[in-house]
Amino acid sequence: MGDDDLAARINIYLRCLGCFFSSPFWGVYDIGFNPHSTLLMILASLGIIGIIPFYKLLKTSFNEISSNLIEWKLLPVVGAFMFMCLTNPVHNSMPMNVVMWFIAPLLFNATDLINSKTQ
């Protein structure tokens, strides 16, 4: 099975969870394989100590963006980002992929603003 096969992915995710449960507080650090999931990789390699700063970083970033943009629909972007974190290695993505998650809401807001002015 290849890495893009669902059964292989589920097997990798289960191995990741096994690493996390073997040391949930501190993590294993070097898990020895690519988990294909940023969230599970942080849980397995850094444990609860590592997932808390990751959560705070995302929460603070999205709160800051949503507080500066008027009438911005944040839920779809946060949902898509979290789904991507669960199923893809965001930490190995090119920086442009990550930046797009912050540019896309700005473009959405600008389009919404333009449409509201023309109506």
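Remember, it's a predicted structure, so these values are computed and weren't measured experimentally.

1. Some details on the overall build of the protein chain
Consideration 1: When helices and strands are tallied, the protein chain shows 4 helices and 0 strands.
Consideration 2: Listed N to C, the secondary structure of the protein chain is α-α-α-α in terms of helices and strands.
Consideration 3: For the protein chain, the proportion of its 119 residues judged to be buried stands at 34%.
Consideration 4: Of the contacts formed within the protein chain by residues at least 6 apart in sequence, a portion of 47% connects residues at least 24 apart.
Consideration 5: About 7800 Å² of surface is accessible on the protein chain, with carbon and sulfur atoms providing 70% of the total.

2. Section: unusual backbone geometry
Consideration 1: Its identity as a non-glycine residue notwithstanding, tyrosine 29 has a phi of 70°, on the positive side.
Consideration 2: Of note, the phi angle at histidine 36 is positive, near 55°, even though the residue is not glycine.
Consideration 3: Mapped onto the elements, histidine 36 comes out in the loop between α1 (6-22) and α2 (38-68).

3. Here we look at the packing of aromatic side chains
Given two aromatic rings, one states the distance between the centres and the angle between the planes to describe the pair.
Consideration 1: Following the criterion strictly, the structure yields 2 aromatic pairs and no others.
Consideration 2: Taking the centre distance of 5.0 Å and the plane angle of 90° together, the rings of phenylalanine 25 and tryptophan 26 count as edge-to-face.
Consideration 3: On the basis of relative accessibility, which here comes to 61%, the residue tryptophan 26 falls in the exposed class.
Consideration 4: We note arginine 15 situated over the ring of phenylalanine 33; from NZ or CZ to the ring centre the distance is 3.9 Å.

4. A look at the nonpolar core
Consideration 1: Within the largest apolar cluster, 19 residues are counted, with the highest numbers of intra-cluster contacts made by Cys16, Ile31, Phe33, Ile51 and Phe54.
Consideration 2: Mapped onto this core, the elements with two or more residues apiece are α1, α2 and α3 (75-87).
Consideration 3: If you tally residues by element for this core, the top one is α2, at 9 residues.
Consideration 4: In contact with phenylalanine 54, not counting residues within four places along its chain, are Thr38, Leu39, Ile42 and Cys85.

5. Some thoughts on the confidence of the model for the protein chain
Consideration 1: Here the protein chain shows a mean pLDDT of 77. Residues at 70 or above account for 76%.
Consideration 2: Per-element confidence in the protein chain is highest for α1, whose mean pLDDT is 88, and lowest for helix α4 (residues 95-118), whose mean pLDDT is 70.

Analysis parameters
- Residues numbered from 1 in each chain as written.
- Predicted model: local features only at pLDDT ≥ 70, side-chain atom pairs only at ≥ 80, totals over all residues.
- Heavy atoms only, no water.
- Helix = DSSP H or I, 4+ residues; strand = E, 2+ residues; numbered from the N terminus.
- Buried < 20%, exposed > 50% of the residue type's maximum accessible area, 1.4 Å probe, protein only.
- Contact = heavy atoms within 4.5 Å.
- Areas by Shrake-Rupley, 256 points an atom, 1.4 Å probe, with all protein chains shown as cover.
- Phe/Tyr/Trp six-rings, centres within 6.5 Å; stacked < 30°, edge-to-face > 60°.
- Lys NZ or Arg CZ within 6 Å of the ring centre and 35° of its normal.
- Core = buried A, V, L, I, M, F, W, Y, C linked by side-chain atoms within 4.5 Å.
- pLDDT = per-residue confidence, 0-100.

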